[in-house]
Amino acid sequence: MNSIEPVDPQADFPHDFVWGVATSAFQIEGAAAEDGKGPSIWDSFCRRPGVIVDASNGDIACDHYHRWSADLDMIADLGVNAYRFSVSWPRVRPGGSGAWNEKGLAFYERLVDGLLARGIKPFLTLNHWDLPDELQMAGGWAHRDTVHRFVEYAEGINARLGDRLVSIATHNEPWVMAVLGHESGVFAPGVQVRRLAVQASHHLLLSHGMALQALRAQGCSAQLGLVLNLSPMHPATDSADDQAKARLEDGRLVRWYMDPLFRASYPQDVLDDLGSDVPRIKPGDMQLIATPMDFLGVNYYSRSVVSAAEPWDAQARGHEVSDMGWEVYPQGLTELLVRLHQDYPVPVLYITENGGAFKDALEAGQVHDPQRVSYLRRHIAAVAQAMRQGVRMGGYMVWSLMDNFEWASGYGKRFGIVHVDYETQRRTLKDSAHWYRDFLQRQKARAGR
Ligand code: IFM
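Residues numbered from 1 in each chain as written. Predicted model: local features only at pLDDT ≥ 70, side-chain atom pairs only at ≥ 80, totals over all residues. Heavy atoms only, no water.

## A word on the side chain of Asp285
Then, in step 1: Examined against the element boundaries, Asp285 turns out to sit in helix 12 (residues 285-289).
Then, in step 2: Not counting chain neighbours up to four residues away, the residues in contact with Asp285 comprise Arg144, His202 and Leu206. (Helix = DSSP H or I, 4+ residues; strand = E, 2+ residues; numbered from the N terminus. Contact = heavy atoms within 4.5 Å.)

Quick look at the structure:
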């Protein structure tokens, strides 16, 4: 089956399903050194020659720090009932420890209150990659002290905003921070030491579990969870080599996170493969990591195809791909969700990110992006299909609300359903935004019947 095109995916969604759009602080806020914000590892990383394709940075981005109110109006206009955003840790606690920055906290307070005033549920992520630089200088996520700094940060945000939040996710995509940040080094902090990547992943998971316990001890009423980037891992052929490699890659991407969170242990095959790079784990760590969550967020973009011989190129094989070169494979989302549901005692699942970068252009005030419309429609249908197979889903969020800083790819890759002209900061709803709004309107009409 190559595509999922049900006539009416809406029929499957309950009236209280959460529909949202998502962003992250570093990718949209700008105001990199304003109102007391400290530098993050991404501010520093962007200054290294050659690491960002277009040599850009997050200094201005979408200027959301100044345009937040109009942006919230735009979000409300889409008809979504939720907005997923992240807090910039160095904006609220510039050095990662020590003094808090009142102006930074006040910004997020305005944002949360602004969402509530517009009837939109705030879904907050604490860590979407922009660690305070000062903590990196002390060892960053590879250093156990950062776990304790993160717990303090989580407590501070909860004390200030927790009573008004619907959901708090501790981390966004720990695999990315660990592997791309510390093993391949293509993302901040740009380290290339596998042992440190593995240790960083353990500390991210540990800090997640400890933060959950700390927030619950504070009486936090928001739903608490974590967001993982997950994909089905398919062997390129039936050969034993391809199958073995796919199994190991599944271990590194999926089971390395799901097993500790839901079984309090790391997968043995991955530990065996790591040899002397296994993480240092203290007694009690695994139980802390497995602290029960209220929800699990899943970010899905594509499947992975694994070949022992050479990298598998979807485009060269004639498959539909996005501008990132990622295969468009909606049925992989159903497969992934059903597998999580069958293999683990998962709580309610949210699609916290799903979307595509496609080349699009602003012409005569319009942006026609049929590929993105098709991508979203087919992936929403894939979620509906997983629900029909018994998976408990709480919501779906489009990545992303608007074009933004796509990390090492700079500003060239556009994921938004809203186009951003970076010269003027003018926002224009793409066809996909109109499509999503119409879809949500029909959804509301159904619920009202
Ligand atoms: O832009 C990113 C986001 O920050 C995290 N998940 C994947 C997106 C697309 O690459």
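Read on for the rest.
## Things to note about the sheet that holds strand 12 (residues 393-399)
Then, in step 1: Within the closed barrel, the eight strands sit side by side as 1-2-3-4-5-7-9-12. Their pairing is parallel. The average angle at which neighbouring strand axes cross in this sheet is 25°, direction not considered.
Then, in step 2: Across five bridges, the pairing between strand 5 (residues 223-229) and strand 7 (residues 295-299) is parallel. The partner of Leu226 across the bridge, within strand 7, is Leu296.
Then, in step 3: Along the sheet, helix 13 (residues 331-343) makes contact with strand 7, strand 9 (348-353) and strand 12, crossing strand 9 at roughly 145°. (Pairing = 2+ DSSP bridges. Axes fitted to C-alpha atoms, helices over the stretch in contact; angles between N-to-C directions.)

## Observations regarding the site of the ligand
Then, in step 1: With respect to spatial proximity, the complete set of residues near the ligand consists of Gln27, His128, Trp129, Asn172, Glu173, Tyr301, Trp326, Glu353, Trp399, Glu406, Trp407 and Phe415.
Then, in step 2: Side-chain polar atom of Glu173 to a nitrogen atom of the ligand: 2.7 Å apart, as the coordinates give it.
Then, in step 3: Trp407 is positioned with one of its side-chain polar atoms (N or O) 2.9 Å from an oxygen atom of the ligand.
Then, in step 4: A total of 280 Å² of accessible area belongs to the ligand in isolation, and the protein chains cover 94% of it.
Then, in step 5: The residue makeup of the shell around the ligand, split by class, is six nonpolar, three polar and three charged. (Near = heavy atom within 4 Å. Polar contact = N/O pair within 3.5 Å; in protein donor to acceptor, adjacent residues only side chain to side chain. Areas by Shrake-Rupley, 256 points an atom, 1.4 Å probe, with all protein chains shown as cover. Nonpolar A, V, L, I, M, F, W, Y, C, P; charged D, E, K, R; others polar.)

## Regarding the side chain of Thr352
Then, in step 1: Within the secondary structure, Thr352 is located in strand 9.
Then, in step 2: Thr352 sits in the buried class, given a relative accessible area of 2%. (Buried < 20%, exposed > 50% of the residue type's maximum accessible area, 1.4 Å probe, protein only.)

## Observations concerning the pairing of strand 7
Then, in step 1: With respect to burial, strand 7 is a largely interior element, five of its five residues being buried.
Then, in step 2: Of the two faces of strand 7, the one holding Phe295, Gly297 and Asn299 and the one holding Leu296 and Val298 are both buried throughout.
Then, in step 3: As paired elements, strand 7 and strand 9 share five bridges and run parallel to each other. Paired with Phe295 across the two strands is Val348, which belongs to strand 9.

## Things to note about the environment of Leu215
Then, in step 1: Here Leu215 lies in helix 9 (residues 194-217).
Then, in step 2: Between the C-alpha atom of Leu215 and that of Asn158, which follows or precedes it by 57 residues, the distance is 7.0 Å.
Then, in step 3: Leave out the neighbours within four places in its chain, and Leu215 touches Ala154, Glu155, Asn158, Ile168, Cys220 and Leu224.

## Here's the deal with the pattern of salt bridges
Then, in step 1: Taken as a whole, this structure holds 35 salt bridges when the rule is applied.
Then, in step 2: Of the charged contacts in the structure, one is a salt bridge between Lys413 and Asp323, with a shortest N-O distance of 3.7 Å. Of this pair, Lys413 sits in the loop between strand 12 and strand 13 (418-421) while Asp323 sits in the loop between strand 8 (304-306) and helix 13; the two residues are 90 residues apart in sequence, bridging distant segments of the chain.
Then, in step 3: Salt bridges sharing common partners tie together Glu102, Glu109, Asp113, Arg160, Asp163 and Arg164. (Salt bridge = Lys/Arg side-chain N within 4 Å of Asp/Glu carboxyl O.)

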